[in-house]
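Fold and geometry: a report
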Amino acid sequence: MRTRTRSSRVVVLAAVAALGAGVLAGCAQDSEGPSGSAASGGGDGGKGKTTLTVGVFGAFGLKEAGLYDQYMKLHPDIVIKQTSIERNENYYPQLLTHLGSGSGLADIQAVEVNNIAEVTATQADKLVDLGKTDGVRKDSFLPWKWSQATNQAGRTIGLGTDIGPEGICYRKDLFAAAGLPTDRASVGALWAGDWRKYLDAGKKFKAKAPKGTAFVDSASGVMAAITGSEANRFYDKDGKVIYKTNPAVRNAWDIAAEFAGAGLTAKLQQFTPAWDQGYANAGFATVSCPAWMLGYIQDKSGAAGKGKWDVAAAPKPSNWGGSFLVVPEAGKHKKEAAELVAWLTAPEQQATFFAKRGSFPSSQAAYALPAVSGATHEYFDNAPIGEIFSAAAQGVPVQIVGPKDLIIAQNLADVGMLQVDQKGTSSKDGWNAAVRAIDNALDQ
């Protein structure tokens, strides 16, 4: 990622319909404009009906997966209307403004994972404690996902819709040409348990790599994947910013800088036209990929890449992305809204959300359901993606998420590591540039 774009659902979900059979057969990919529309022809709800409004960003997917329609069939007295703002960068500031004023809010609002810590820390008193809603079971969710929306007082103000457990997507044809194993078990064993083994595999690849190919797409992507696998990252448990002194962050930085220095990267910035072209031209052999990225890779690699891409376990379980639903206290229908959130995030609905939209469940109880446990991906040589990403999700540590995580991660990537990767800036100078940018941003 450019960290900013890692958090965007718009770019990725636009390509999600390209996912193979067994995961996303027949999903829609439309997103509503800023004004939104009723999920079905409910009008103003009709006499005696309760209209629940849902505010989201981008092609969030709940409507497209048919979940609103299903709920309304089960509850004829409920009409659901959704509004969407195209980008979270525009949506989130408006959400904070509306929470501050207590007006202009939907009955249910979406919150992206990079914003949940700030919302939990500063807006908890303005949001319903969903942990007390009938039917909500803490143990059905992954512990680390539940904790992200729970404040120190024990109020759980958001329920997770999805997560982004990561694997390593790799080109089997490029691995074979470089003399590396190609079956996913052997590939995963190359770097199991240690990100430096991933670096070592890259050096072996480079020694015999096909001309014009790199081992990874970008140094920033490597760094983000490593930090995503750490329990302690940018903040400590007391809310203090520690990224400058945290050995885990410096280790991620150093390894990523070594990837750049050893010439193992394609020197690309993620979610740019050049990155897309790298997929089309088979310009790199591996990329850290969450479940939702598979459709993007398929779309950009095209028919020529079918069966050549596969998925192996990452060196350590890591997460990239995910969202939550919250219920404002200012809403007129708090009880009904909380019940809808509880239903949308229940295991069965999360399994449907994955099957139709590729959004991996944050409910660990969903992993035993056939739609998840039996999921394979035809484009990726029928990789058992349900098994791979379930294992990754359950291994992700309970991570401390801070209110300015996005700012820190974005500047480490776009200001610091990008210079190291693309311009040959020294690791020290790149780090110092990132630190200056972060400190300036945090002081504002």
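The paragraphs below set out a description of the structure included in this document. (Residues numbered from 1 in each chain as written. Predicted model: local features only at pLDDT ≥ 70, side-chain atom pairs only at ≥ 80, totals over all residues. Heavy atoms only, no water.)

1. Some words on the overall build of the protein chain
Within the protein chain one finds 19 helices and nine strands. The buried share of the protein chain, reckoned over its 444 residues, is 57%. Long-range pairs, those at least 24 residues apart, make up 78% of the contacts in the protein chain with a sequence separation of at least 6. In the form shown here, the protein chain has an accessible surface area of approximately 16,700 Å², with 51% of it arising from carbon and sulfur atoms. (Helix = DSSP H or I, 4+ residues; strand = E, 2+ residues; numbered from the N terminus. Buried < 20%, exposed > 50% of the residue type's maximum accessible area, 1.4 Å probe, protein only. Contact = heavy atoms within 4.5 Å. Areas by Shrake-Rupley, 256 points an atom, 1.4 Å probe, with all protein chains shown as cover.)

2. Some details on the layout of surface pockets
Reported here for the largest pocket is a volume of approximately 450 Å³. Residue lining of the largest pocket: 19 residues in total, with T150, Q152, K237, I400 and V401 positioned closest to the centre. Secondary structure elements with two or more residues in the lining of the largest pocket: α5 (113–122) and α6 (143–148). Looking at the lining of the largest pocket residue by residue, the classes come out as seven nonpolar, nine polar and three charged. (1 Å grid on protein atoms, 1.4 Å probe; cavity = no way out; pocket = protein on both sides within 12 Å on 5 of 7 lines; lining within 4 Å. Points joined across faces, edges and corners; volume = space filled by probe spheres on them. Nonpolar A, V, L, I, M, F, W, Y, C, P; charged D, E, K, R; others polar.)

3. Description of the packing of aromatic side chains
As enumerated under the stated definition, the model contains 27 aromatic pairs in all. Each ring, one from F360 and one from Y367, has its centre 5.4 Å from the other, and the planes form 40 degrees; the classification is tilted. Look at F360 and you get buried, because its relative accessible area is 0%. Taken together, the ring pairs connect Y170, F175, W191, W195, Y198, F205, F215 and F259 into an aromatic cluster. A cation over an aromatic ring shows up here: K145 above the ring of F324, its NZ or CZ 3.9 Å from the ring centre. (Phe/Tyr/Trp six-rings, centres within 6.5 Å; stacked < 30°, edge-to-face > 60°. Lys NZ or Arg CZ within 6 Å of the ring centre and 35° of its normal.)

4. What to know about the state of the cysteines
Scanning the entire structure with this criterion turns up one disulfide. The disulfide that involves C169 links it to C289, with 2.1 Å between the sulfurs. Looking down the S-S bond of the C169 and C289 bridge, the torsion is 90 degrees, so its handedness is right-handed. Of this pair, C169 sits in strand β5 (residues 159–171) while C289 sits in strand β7 (residues 284–290), placing them 120 residues apart in sequence. A single burial state applies to C169 and to C289, both of which are buried. (Disulfide = S-S within 2.5 Å.)

5. Some words on the pairing of strand β8 (residues 309–313)
Most of β8 sits out of view: four of its five residues are buried. One ladder, built from five bridges, connects β5 with β8; its direction is antiparallel. From the neighbouring strand, R171 faces β8, where its bridge partner is W309. (Pairing = 2+ DSSP bridges.)

6. Focus: the pattern of salt bridges
A side chain with one charge may pair with a side chain of the opposite charge, provided their charged atoms come close. Per the counting criterion, the structure on display carries 16 salt bridges. The shortest N-O distance in the salt bridge between D139 and R137 comes to 3.0 Å. In this structure, E258 engages R196 in a salt bridge whose closest nitrogen and oxygen atoms are separated by 2.8 Å. With E258 in helix α11 (residues 247–261) and R196 in helix α9 (residues 195–207), this residue pair connects regions lying 62 residues apart in the sequence. Take R196: its relative accessible area is 32%, and that puts it in the partly exposed class. Beyond isolated ion pairs, a larger network of salt bridges with shared partners links D276, D299 and K300. (Salt bridge = Lys/Arg side-chain N within 4 Å of Asp/Glu carboxyl O.)

7. Section: the packing of helix α10 (residues 219–227) against helix α18 (residues 405–423)
Viewed as axis vectors pointing N to C, α10 and α18 meet at an angle of 130 degrees, and their least axial separation amounts to 8 Å. On the basis of the axis angle, α10 is oblique to α18. The way α10 lies across α18 gives a crossing that is right-handed. Across the interface between the two elements, A219, S220 and M223 of α10 pack against L412, A413, M417, L418 and D421 of α18. Its residues assigned to classes, the contact of α10 with α18 shows six nonpolar, one polar and one charged. (Axes fitted to C-alpha atoms, helices over the stretch in contact; angles between N-to-C directions. Parallel < 35°, antiparallel > 145°, perpendicular 65-115°, else oblique. Left-handed = near helix turned anticlockwise from the far one by under 90°.)

8. So, the nonpolar core
If you look at the biggest cluster of nonpolar residues, it comprises 47 residues, and the most contacted ones within it are L62, I80, I108, L325 and L344. Looking at this core, the elements that each hand over two or more residues are β2 (50–57), α3 (67–74), β3 (78–85), α4 (88–101), β4 (108–112), α5, β9 (319–326) and α14 (334–344). What L62 contacts, discounting residues up to four positions off in sequence, is L67, Y68, L325, L344 and F353. (Core = buried A, V, L, I, M, F, W, Y, C linked by side-chain atoms within 4.5 Å.)

9. Side note on unusual backbone geometry
We note that A282 has phi near 50 degrees; this positive angle belongs to a residue other than glycine. Along the chain, the position of A282 falls in the loop between α12 (273–280) and β7. Looking at A282, the relative accessible area reads 17%, which means it is buried. Phi is positive for N382, close to 55 degrees, though the residue is something other than glycine.

As far as function goes, none of this settles anything; it's purely spatial.
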